[in-house]
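Inside the fold
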Amino acid sequence: MLVSIDEARDLNNGQPSLWARLFDSLDLTPGTRVLQVGAGTGYYSAILAELVGPTGRVTAVEYDGVLAARAQANLATWPQVEVVAADGTLHDAGEVDVIIVFAGATHPATLWLDRLAEGGRLLLPLTAAKGRGLLLKATRRGAWFEAESLGPCGFFPCFGLRNDRAAECLARAIRDLKGTPVPIKALHTGAPPENADHVWYAGPGFWLSREPVEA
């Protein structure tokens, strides 16, 4: 069941059936190092802790200090979890295998992409102005990232990773699909090439391509 965390802000813990499917797509095995951005009160942090086991590590970052304190208390029995009250876009958890973002952004933080190990996976709700968008999964392949959409989504906005112009561009790119699948194959950092047909969407510091490698 969906559980409200703060009704006044329309903040909830996320649909458990959705997150079960998403966790399954990330190959979370014992020993995995996870950065969780947006820990809330720690419900999914506990599930992640069980999935990675005592040899794994979960760095659960929560911007809201009150929620972070609640998460700290709730997760006291899982020593593999570190709860951090901080801006998840800036907190450096070191090299990690998986980054899971629990809020909607128009672009990933540069630090997240830098800290993903080879083969590491990023799961990011990429959302436009009204919180609607797609679930982006990106996997490091050396200097670029294999990318795919895991389906449509709606998420609470991520502090520090919203850009109005990018949100408009994303909304337009989604509208132009007219219900067809999101045609992304790769994520690249930096600015996209000019007038390139294979660029599907570009946001601050990154772009998504229809081709598996940069053309």
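Read on for a plain summary of the structure. Since the model is a prediction, treat every value here as computed from it, not as a measurement.

About the cut-offs
Residues numbered from 1 in each chain as written. Predicted model: local features only at pLDDT ≥ 70, side-chain atom pairs only at ≥ 80, totals over all residues. Heavy atoms only, no water. Pairing = 2+ DSSP bridges. Helix = DSSP H or I, 4+ residues; strand = E, 2+ residues; numbered from the N terminus. Axes fitted to C-alpha atoms, helices over the stretch in contact; angles between N-to-C directions. Contact = heavy atoms within 4.5 Å. Salt bridge = Lys/Arg side-chain N within 4 Å of Asp/Glu carboxyl O. Buried < 20%, exposed > 50% of the residue type's maximum accessible area, 1.4 Å probe, protein only. Core = buried A, V, L, I, M, F, W, Y, C linked by side-chain atoms within 4.5 Å. Polar contact = N/O pair within 3.5 Å; in protein donor to acceptor, adjacent residues only side chain to side chain.

Now for the sheet that holds strand β4 (residues 57–62). The strand order β5-β4-β3-β6-β7-β8-β9-β10-β12-β11 describes an open sheet built from 10 strands, whose pairing is mixed. Whereas interior strands pair on both sides, the edge strands pair on one side only; in this sheet they are β5 (81–85) and β11 (199–203). Adjacent strand axes in the sheet meet at a mean angle of 20 degrees when their direction is disregarded. In the sheet, strand β10 (residues 186–189) pairs with strand β12 (residues 206–209) via 4 bridges, with the strands oriented antiparallel. Paired with Leu-187 across the bridge in β12 is Leu-208. Packing of helix α5 (residues 164–177) onto the sheet brings it into contact with β7 (116–127), β8 (132–141) and β11, and relative to β11 it is tilted by some 160 degrees.

Next up on the list: the pattern of salt bridges. Per the stated rule, a full pass over the model turns up 4 salt bridges. For Arg-33, the salt bridge goes to Glu-95, with nearest N and O atoms at 3.3 Å. Here Arg-33, found in strand β3 (residues 33–37), pairs with Glu-95, found in the loop between β5 and β6 (96–101); they are 62 residues apart in sequence, far enough to count as distant. By relative accessible area, which is 23% here, Arg-33 ends up partly exposed. Residue Glu-95 is classed as partly exposed on the basis of its relative accessible area of 45%.

Once that is clear, we can look at the nonpolar core. Here is a general trend for soluble globular proteins: nonpolar side chains tend to be buried in one another's company. Ile-99, Trp-112, Leu-122, Leu-126, Leu-187, Trp-200 and Leu-208 are the most contacted members of the largest nonpolar core, which has 35 residues in total. Apart from residues lying up to four places away in sequence, Leu-122 is in contact with Ile-99, Val-101, Pro-108, Trp-112, Leu-113, Leu-116, Leu-136, Lys-137 and Ala-138. Tyr-44, Val-58, Ala-71 and Phe-155 belong to the second-largest nonpolar core, a separate cluster that totals 26 residues.

Taking the C-alpha atoms as reference points, Arg-33 and Thr-55, separated by 22 residues in sequence, lie 9.0 Å from one another. Not counting residues within four places of it along the chain, the set of residues in contact with Arg-33 comprises Arg-57, Glu-95, Val-96, Asp-97, Val-98 and Ala-117. At 3.3 Å, the side chain of Arg-33 and the side chain of Glu-95 are in polar contact.

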